[in-house]
Amino acid sequence: DGHTYKLTGSFAPVNQIMSLLPWEKKQGGNISENSENQEVFSIFPGKFKPPHSGHFLGAREMVDSYGASKVFVVISKKKVERQSGEGKIKITPEISRQIWEKYISENGYEGKIIPLISTNHTPIIDTFEMLSSFSPGTVVLFSKGEKDANDRRFDTIYSYIKKNNLQVTVKQVPGSMSDTGASGTLLGNAIAGKDLQTFKKMVPLSGASAMELWEELT
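1. Quick notes on the nonpolar core
Step number 1: Of all hydrophobic cores here, the largest spans 35 residues; its most connected members are Phe44, Val71, Val73, Trp100, Tyr103, Ile113 and Phe199.
Step number 2: Setting aside its immediate chain neighbours within four residues, Ile113 contacts Phe56, Ala59, Arg60, Val71, Val73, Trp100 and Ile104.
Step number 3: With 18 residues, the next largest nonpolar core counts Phe41, Ile114, Phe134 and Val168 among its residues.

As structure tokens, then:
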């Protein structure tokens, strides 16, 4: 609209999202006039220490099964230490993003699944900020698996939208990420304990790609 805005600090994820939106929607400064071309995004907040095949399946489903044009994976900024026997590994948010990028690249989801590191003490705050940045009419999908049945965060999101009068639609859709049997604890312990066979079972990679990531992490 003729003015320059600087987005920093806790707004960094919002800045990254805006830079990823189609350029033609940013020209002119008004990105809310394209209601006839309804955008469908997904936000996927979590620890991801480390991300495993179930996490990737959950993100991929948003694109393949539910039509999201982009999935914003918001990685907690907290570090997590995994240990198996005498082996230890510290999973930082940067390492988590590195693993996500490997999964994305090797499976052909560049530009569709976008890993971002949270700048707040919880990725849910980033989620609220993102919801506020989307144009009216946007549909935002959240994956909810069986283990999330009692998760009250979704109720909080609905309350936030109502309180702030956001003109976006939030939908919870069934996710199958828990069907893989993988977990961050098991995968992290496998890396720390140099358990290559378990590692291979819990990453969405095959052959040389899995070995390349294994060598980078160990």
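Let us keep going from here.
2. Considering the packing of aromatic side chains
Step number 1: On inspection of all chains with the given rule, the structure shows eleven aromatic pairs.
Step number 2: On the numbers, 5.3 Å between centres and 85 degrees between planes, the contact of Phe48 with Trp100 is edge-to-face. Taken together, the residues span a long stretch of sequence, with Phe48 in the loop between strand S1 (40–46) and helix H3 (53–64) and Trp100 in helix H4 (residues 93–107) at a distance of 52 residues.
Step number 3: In this structure Trp100 comes out as buried when scored by relative accessible area, which is 0%.
Step number 4: Considering the side-chain rings of Phe56 and Tyr109, the 5.7 Å spacing of their centres and the 90 degrees angle between planes classify their relative orientation as edge-to-face. A residue pair is termed long-range when its members are at least 10 positions apart, and Phe56 in helix H3 and Tyr109 in the loop between H4 and strand S5 (113–117) qualify at 53 residues. Exposure class is identical for Phe56 and Tyr109. Each is buried.
Step number 5: Site record: aromatic cluster; members linked through ring pairs are Phe44, Phe48, Phe56, Trp100, Tyr103 and Tyr109.
Step number 6: Stacked on the ring of Tyr109, the Lys or Arg Lys112 has its end atom at 6.0 Å from the ring centre.

3. With respect to the side chain of Glu61
Step number 1: Mapped onto the elements, Glu61 comes out in helix H3.
Step number 2: Here Glu61 is buried and forms no salt bridge, its nearest opposite-charge partner Arg60 lying at an N-O distance of 7.1 Å.
Step number 3: With residues up to four places along the chain from it excluded, the contact list for Glu61 reads Tyr66, Pro174, Gly175 and Ser176.

4. Some remarks on the packing of H4 against helix H9 (residues 207–217)
The angle between the axes and the distance between the axes are what describe a pair of packed helices.
Step number 1: Following both chains from N to C, one finds H4 and H9 inclined at 170 degrees, their axes separated by 11 Å at the closest point. Relative to H9, the element H4 lies roughly antiparallel. For the crossing formed where H4 meets H9, the hand is right-handed. Along the contact surface, H4 presents Ile95, Gln98, Ile99, Lys102, Tyr103 and Glu106, while H9 presents Ser209, Glu212, Leu213, Glu216 and Leu217.
Step number 2: Tallied by class, the residues present in the contact of H4 with H9 amount to five nonpolar, two polar and four charged.

5. Brief notes about the pattern of salt bridges
Step number 1: Following the criterion strictly, the structure yields two salt bridges and no others.
Step number 2: Its salt-bridge partner being Lys102, residue Glu106 comes within 3.8 Å of it at the nearest N-O pair. In this pair, Glu106 and Lys102 both sit in helix H4, four residues apart, roughly one turn of the helix.
Step number 3: Judged by relative accessible area, Glu106 falls into the partly exposed class, the value being 40%.
Step number 4: As a salt-bridge pair, Glu212 and Lys102 come within 2.5 Å of each other at their nearest N and O atoms. Here the residue Glu212 occupies a position in helix H9, and Lys102 occupies one in helix H4, the gap between them amounting to 110 residues.
Step number 5: Exposure remark for Glu212: the relative accessible area of 40% places this residue in the partly exposed category.
Step number 6: Salt bridges linked by common partners bring Lys102, Glu106 and Glu212 together as one network.

Rules of the game
- Residue numbering note: each chain is counted from 1, following its sequence as written.
- Note on the predicted model: pLDDT of at least 70 is required for a residue's local features to be given, and 80 or more for side-chain atom pairs to be given and counted; whole-chain, interface and lining totals, by contrast, use all residues.
- Just so you know, side-chain values use all the structure's heavy atoms and leave hydrogens and water out.
- Here, nonpolar core refers to any group of buried Ala, Val, Leu, Ile, Met, Phe, Trp, Tyr and Cys residues whose side-chain atoms link them within 4.5 Å.
- Partly exposed residues are those whose accessible area sits between 20% and 50% of the maximum for their type, while under 20% is buried and over 50% is exposed, using a 1.4 Å probe and protein chains only.
- Contacts are residue-level and defined by heavy atoms, with any inter-residue pair within 4.5 Å sufficient.
- A pair of aromatic rings is counted whenever rings of Phe, Tyr or Trp (Trp by its six-membered ring) have centres within 6.5 Å, and the orientation is called stacked for planes under 30 degrees apart, edge-to-face for over 60 and tilted otherwise.
- Under the DSSP-based scheme used, a helix requires at least four consecutive residues in state H or I and a strand at least two consecutive residues in state E, with every element numbered from the N terminus.
- The criterion for a charge sitting over a ring is simple: Lys NZ or Arg CZ within 6 Å of the ring centre, and within 35 degrees of the ring normal.
- This count recognises Lys and Arg as positive and Asp and Glu as negative, with His and chain-terminal groups excluded.
- Take a side-chain nitrogen of Lys or Arg and a carboxyl oxygen of Asp or Glu: if they are within 4 Å of each other, that pair is a salt bridge.
- Here an angle of 0 to 180 degrees is reported between the N-to-C directions of two axes, which are lines fitted to C-alpha atoms, with helices fitted over the stretch in contact.
- Our angle categories are set so that under 35 degrees counts as roughly parallel, over 145 as roughly antiparallel, 65 to 115 as roughly perpendicular, and the remainder as oblique.
- What makes a crossing left-handed is the near helix being turned counterclockwise from the far one by less than a right angle; a clockwise turn instead makes it right-handed.
- All amino acids are sorted into three groups, where Ala, Val, Leu, Ile, Met, Phe, Trp, Tyr, Cys and Pro are nonpolar, Asp, Glu, Lys and Arg are charged, and the leftover types, Gly among them, are polar.

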